[in-house]
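Residue strings, one per chain:
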Amino acid sequence: MAPSTLKSVTLPMPQTPHTIVCMKWGTAYGAEYVNILLSMVSRNTSRPVRLVCFTDDPTDLDPQIEAQPLPAIDMPERYATTGWRKISLLQADVGGLSGDFLFLDLDVVITSSIDDFFDFQPSATFCVIENWTQRGLGIGNTSVYRLKVGAHTEVFDAYMADPVGTIEGFRNEQTFKSRTISSMVYWPEPWCASFKHSLLPPFPLNFVRTAPLPADAKVVCFTGRPNPDHARDGIWPEKKWYKRLRKKVRPTPWIAEHWR
């Protein structure tokens with residue numbers, strides 16, 4: 001009998017999915033924002049990912065999204081629908097997650113590959129945007145951050161020791177985090193742009209010029225107003241008449257290209 005010519009083949013081990021986390025509560029953002037986030041992530045990474053959404057209402061979320069209840073936290077009622085709820089993600093055991101996760105706010109537009117966010121300084125336990133309006137002051141903007149689960153439980157523990165005092169003592173949750181975490185690392189500056197603070201032309205040029213998209217931006221963050229769909233359509237929601245005299249955004253085609 002002739003010897004077998006079959007050769008053994010070593011198959012590559014499947015990659016462990018990277019975890020991306022978002023949060024949705026209240027009525028400010030609907031399920032479409034989470035579904036669009038999943039679509040943007042899927043188009044802008046070469047790796048397997050899981051998207052975990054901590055939410056009080058999973059209705060109409062894409063079946064590929066892993067919906068989990070909002071993590072428990074002692075939250076004064078008047079702040080229940082504010083960004084302070086994001087502190088809950090820094091507790092020791094959140095949603096059964098482990099390792100690193102990349103957090104993304106719902107009001108972001110992903111414009112190019114996000115793979116570098118997973119690879120950047122792999123030993124760092126907390127990577128975050130340097131806040132655009134507070135450069136040099138040691139304040140991170142938590143629209144996009146990477147956290148090693150359980151690495152900074154001191155933030156959650158300090159908050160839980162005095163929820164009301166903490167909220168009243170700090171401008172917002174990202175300031176509290178920044179003052180409590182001693183080992184923050186900032187993303188490279190070009191990666192995360194603020195639509196309002198980095199891209200929108202200043203008054204009165206905002207009436208005649210469209211906000212540009214930098215070639216090296218990976219994520220554009222929409223802090224406050226306008227939201228991505230507003231800016232896409234050239235709408236700036238503003239209740240106060242005197243602010244409407246300056247608040248203007250021209251329709252922005254690149255948002256429609258990427259926010260879908």
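Here the structure is a predicted model, which is why all the values come from computation and not from measurement.

A.B. asks: Explain the packing of aromatic side chains residue by residue, including any values.
C.D. replies: Applying the stated criterion to the full structure yields 16 aromatic pairs. Between F101 and Y145, the ring centres sit 6.2 Å apart and the planes meet at 55 degrees, which makes this aromatic pair tilted. Of this pair, F101 sits in strand β4 (residues 100-104) while Y145 sits in strand β7 (residues 140-148), placing them 44 residues apart in sequence. Residue classification places Y145 among the buried positions, given a relative accessible area of 0%. Aromatic pair F103 and Y145: ring centres 5.0 Å apart, planes at 20 degrees, arrangement stacked. With a gap of 42 residues between them, F103 in strand β4 and Y145 in strand β7 connect regions that are remote in the sequence. An aromatic cluster is built from W84, Y159, F170 and F176, whose rings are joined through pairwise contacts. One Lys or Arg, K218, reaches over the ring of W191 and ends 5.3 Å from the middle of that ring.

A.B. asks: Talk me through the sheet that holds strand β9 (residues 192-194); I want residue IDs and the actual numbers.
C.D. replies: Taken in spatial order, the 3 strands line up as β5-β10-β9 in an open sheet, and their pairing is mixed. For this open sheet the edge positions go to β5 (108-110) and β9, each flanked by a neighbour on one side alone. Here the strands of the sheet are splayed against their neighbours by 20 degrees on average, with no regard to which way each runs. Two strands pair when backbone bridges link them, and β9 and strand β10 (residues 219-221) are joined in this way by 3 bridges, in the parallel orientation. Across the sheet, the residue bridging to A193 is V220, located in β10.

A.B. asks: So what's going on with helix α1 (residues 31-43)? Which residues, and what values?
C.D. replies: Between the first and last C-alpha of α1 there are 19 Å, a value that for 13 residues agrees with the 18 Å anticipated at 1.5 Å per step. For α1, every residue scored as buried is listed here: A31, Y33, V34, I36, L37, L38, M40 and V41. The inward-facing, buried residues of α1 contact β1 (18-24), β2 (49-55), β4, β5, α7 (228-233) and α9 (253-258).

A.B. asks: Outline the pattern of salt bridges, supporting the account with residue identities and numerical values.
C.D. replies: Within this structure, the stated rule accounts for 12 salt bridges. Residue K86 pairs with E173 through a salt bridge whose shortest N-O separation is 3.6 Å. One end of the pair, K86, is in the loop between β3 (66-69) and β4; the other, E173, is in helix α5 (residues 173-180), and 87 residues separate them in sequence. With respect to class, K86 is no different from E173; both count as buried. Salt-bridge contacts for R135 lead to E189; the nearest nitrogen and oxygen are separated by 3.7 Å. Here E189 lies in the loop between β8 (185-186) and β9 and R135 lies in the loop between β6 (126-130) and β7, a separation of 54 residues in the sequence. Residue classification places R135 among the partly exposed positions, given a relative accessible area of 37%. When salt bridges with common partners are traced through the structure, they connect K86, D105, E173 and K177 into a single cluster.

A.B. asks: Please provide a residue-by-residue account of the pairing of β4, values included.
C.D. replies: The buried count for β4 comes to 4 of 5 residues, which makes it a mostly enclosed element. Relative to β7, β4 is paired through 5 bridges, and the arrangement is antiparallel. When the sheet's bridge partners are listed, D100 is paired in β7 with K148.

A.B. asks: Lay out the side chain of H258 with the relevant residues and their values.
C.D. replies: Mapped onto the secondary structure, H258 falls in helix α9. Setting aside anything within four residues of it in sequence, one finds H258 in contact with M40, R43, V109, I110, T111 and L213.

A.B. asks: I'd like a description of unusual backbone geometry, backed by residues and values.
C.D. replies: Looking along the chain, the bond that leaves F203 and enters P204 is cis, with omega of 5 degrees. Its place among the elements puts P204 in the loop between α6 (195-199) and β10. Between R225 and the following residue, P226, the backbone shows a cis peptide bond with an omega angle of 0 degrees. Checked against the element boundaries, P226 lands in the loop between β10 and α7. For D60, which is not glycine, the phi torsion reads 70 degrees and is therefore positive. Among the secondary structure elements, D60 is positioned in the loop between β2 and β3.

What counts as what
Residues numbered from 1 in each chain as written. Predicted model: local features only at pLDDT ≥ 70, side-chain atom pairs only at ≥ 80, totals over all residues. Heavy atoms only, no water. Phe/Tyr/Trp six-rings, centres within 6.5 Å; stacked < 30°, edge-to-face > 60°. Helix = DSSP H or I, 4+ residues; strand = E, 2+ residues; numbered from the N terminus. Buried < 20%, exposed > 50% of the residue type's maximum accessible area, 1.4 Å probe, protein only. Lys NZ or Arg CZ within 6 Å of the ring centre and 35° of its normal. Pairing = 2+ DSSP bridges. Axes fitted to C-alpha atoms, helices over the stretch in contact; angles between N-to-C directions. Expected span 1.5 Å × (residues − 1). Contact = heavy atoms within 4.5 Å. Salt bridge = Lys/Arg side-chain N within 4 Å of Asp/Glu carboxyl O.

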